[in-house]
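Here's the letter readout for the chains.
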Amino acid sequence: MNRIAVLGSANMDLVVRQPRPANPGETIIGSAFMTVPGGKGLNQAVAAARLGASVDFLGAVGTDAYGSELRALLGSEGIRSSGLATMPGATGTAHIAVVDSGENSIVVVPGANATVTGLSEAQRETIGGASHLLLQCELPVSALVAGVTAARAAGVFTVFTPAPVVPLPDGFLAGVDLVVPNRLESAALTGESDPVRAAEALSAGGTWAIVTLGAEGCVVAFDGSVLGLAPARPVRAVDTTAAGDTFVGALVARLAAGSGRTSGAGAAAAGAGAGTGADAGAGAVAGPATVSEAEMIDAVRWATVASSLSVTRPGATSSMPTLAEVSAILR
């Protein structure tokens with residue numbers, strides 16, 4: 001089985017249910033409150049593990065009770081956490097307001113996640129032994145650059161979720177193999193409000209791009225050309241928290257289930273010219289596993305079903321489906 005490394009945030013989600021968004025200065029009455037393990041990195045790790053992937057999680061939690069709960073959650077999901085540091089202070093938290101329509105707004109307080117500014121040698125080795133690396137933007141950018149640099153040097157397929165959108169070094173996006181933003185994130189990155197044009201721009205130069213559109217599905221593009229619009233699976237949404245993370249985790253789990261490394265001259269050619277700014281390029285010895293159009297479309301189908309199931313349930317990790325549930329629909 002191919003291994004997935006996830007370099008990302010681990011938060012405790014503090015979720016309140018309310019009838020509608022509150023106006024500035026207004027107090028309204030909520031209907032429910034719960035704490036749910038989350039963070040974009042941890043969410044993607046759990047989603048991939050539940051879809052059958054072998055997963056390593058790299059990041060940091062604090063010395064508080066939330067940190068202990070998140071470690072326990074990773075263990076219960078079969079996710080290896082030797083690369084998860086414990087730092088003095090608070091674990092990251094996400095403060096999530098979910099309205100009755102299912103939409104949400106989120107404020108993230110990084111906590112221990114902010115201490116992940118680079119990689120240890122052990123973490124680099126974990127990335128080098130993986131087939132895929134997942135990254136998001138809830139860690140300092142220096143850690144993302146270090147992760148992509150390590151992945152490129154080892155020929156590891158990199159998958160980047162640019163959320164929240166932050167300033168990135170020149171060449172960073174060109175150095176990843178697949179970028180998966182939502183509509184707003186793709187517009188912020190490219191200046192294109194049309195998700196099709198945004199996908200074309202993000203995928204230019206031999207990169208994959210998938211722009212997620214919620215109930216409208218997603219746009220899939222490669223090397224500057226859109227392959228098509230993949231429709232969403234119609235469901236009644238209860239809570240859209242972590243739907244995008246479920247999509248990415250399931251997508252990469254499906255890719256990893258059937259991928260293999262390229263090698264030799266083909267690998268070197270695949271890796272040629274890929275960089276992540278000033279820190280990239282040096283030492284790159286192999287390209288990532290290649291992904292065919294058929295493999296990507298198949299993975300998108302699995303990811304679409306997984307995310308459609310997640311929005312019918314409340315919470316982040318608590319809403320994510322199992323391999324058996326997704327297989328039953330696609331059988």
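- Under an unreviewed UniProt entry, the name given to the chain is Ribokinase, and the organism recorded is Cryobacterium mannosilyticum.
- In its Pathway (unreviewed entry) section, the UniProt entry covering the chain states "Carbohydrate metabolism; D-ribose degradation; D-ribose 5-phosphate from beta-D-ribopyranose: step 2/2."
- Turning to the chain, the UniProt record has this under Subunit (unreviewed entry): "Homodimer."

## A short note on the overall build of the chain
Okay, step 1: Each helix and strand counted, the chain has 10 helices and 13 strands in total.
Okay, step 2: Scaling as 2.2 N^0.38, a compact globule of 331 residues should have a C-alpha radius of gyration of about 20 Å, and the chain matches this with 19 Å.
Okay, step 3: Each principal axis of the C-alpha atoms in the chain carries an extent, and together these give about 60 × 45 × 40 Å.
Okay, step 4: Here the chain holds 331 residues, and 51% of them are scored as buried.

## Let's talk about the nonpolar core
Okay, step 1: Counting 53 residues, the largest nonpolar core has Ile210 and Met296 as its most contacted members.
Okay, step 2: Filtering out sequence-adjacent residues up to four positions away, isoleucine 210 remains in contact with Leu178, Val179, Val180, Pro181, Cys218, Val219, Val220, Phe247, Leu251, Met296 and Val300.
Okay, step 3: Leu58, Ala143, Val145 and Phe160 belong to the second-largest nonpolar core, a separate cluster that totals 27 residues.

## A few points about the sheet that holds strand β6 (residues 92-99)
Okay, step 1: Here four strands make up an open sheet; going across it, the order is β3-β2-β6-β7 and the pairing mixed. Both edges of this open sheet fall to β3 (32-38) and β7 (104-109), since each of them pairs with a single strand only. Put simply, the sheet's adjacent strands are angled 20 degrees from each other on average, direction ignored.
Okay, step 2: Relative to β7, β6 runs antiparallel, the two being bridged by six bridges. Looking at β7, one finds that isoleucine 96 is bridged to isoleucine 106.
Okay, step 3: Contacting β2 (11-18), β3 and β6, helix α2 (residues 65-76) runs over the sheet at an angle of about 100 degrees to β2.

## Details of the confidence of the model for the chain
Okay, step 1: Model confidence for the chain is summarised by a mean pLDDT of 90, while 90% of its residues fall at 70 or above.
Okay, step 2: A low-confidence stretch, residues 260-286 stays under pLDDT 50, and its non-local contacts, those more than four residues away or across chains, total 52 contacts.

## Things to note about the packing of helix α9 (residues 293-310) against helix α10 (residues 323-330)
Okay, step 1: Packing of α9 against α10 leaves a shortest axis separation of 10 Å and a crossing angle of 115 degrees. For the element pair α9 / α10, the angle class is roughly perpendicular. Crossing angle aside, the handedness with which α9 passes α10 is right-handed. Across the interface between the two elements, Arg301, Trp302, Val305, Ala306 and Leu309 from α9 touch Leu323, Glu325, Val326, Ser327, Ile329 and Leu330 from α10.
Okay, step 2: Here the residues of the contact of α9 with α10 sort into eight nonpolar, one polar and two charged.

## Description of the sheet that holds strand β12 (residues 218-222)
Okay, step 1: The nine strands lie next to each other as β5-β4-β1-β8-β9-β10-β11-β12-β13, forming an open sheet whose pairing is mixed. Two strands bound the open sheet, and with one partner strand each, they are β5 (80-86) and β13 (225-230).
Okay, step 2: Pairing analysis gives five bridges linking strand β11 (residues 208-212) to β12, with the strands arranged antiparallel. Pairing of tryptophan 208 across the sheet is with phenylalanine 222, part of β12.

## Re the pattern of salt bridges
Between side chains of opposite charge, a pair can form when the charged atoms approach closely.
Okay, step 1: All told, the structure shown has 12 salt bridges when counted by the stated rule.
Okay, step 2: Between glutamate 121 and arginine 124 there is a salt bridge, and its shortest N-O distance comes to 3.8 Å. Of this pair, glutamate 121 and arginine 124 both sit in helix α3 (residues 121-128), three residues apart, which is roughly one turn of the helix.
Okay, step 3: Here the salt bridges share partners, and the residues they tie into one network are Arg3, Asp56 and Arg80.

Criteria and cut-off values
Residues numbered from 1 in each chain as written. Predicted model: local features only at pLDDT ≥ 70, side-chain atom pairs only at ≥ 80, totals over all residues. Heavy atoms only, no water. UniProt positions renumbered as here; feature names shortened; annotations may be inferred. Helix = DSSP H or I, 4+ residues; strand = E, 2+ residues; numbered from the N terminus. Rg over C-alpha atoms; globule rule 2.2 N^0.38 Å. Buried < 20%, exposed > 50% of the residue type's maximum accessible area, 1.4 Å probe, protein only. Core = buried A, V, L, I, M, F, W, Y, C linked by side-chain atoms within 4.5 Å. Contact = heavy atoms within 4.5 Å. Pairing = 2+ DSSP bridges. Axes fitted to C-alpha atoms, helices over the stretch in contact; angles between N-to-C directions. pLDDT = per-residue confidence, 0-100. Parallel < 35°, antiparallel > 145°, perpendicular 65-115°, else oblique. Left-handed = near helix turned anticlockwise from the far one by under 90°. Nonpolar A, V, L, I, M, F, W, Y, C, P; charged D, E, K, R; others polar. Salt bridge = Lys/Arg side-chain N within 4 Å of Asp/Glu carboxyl O.

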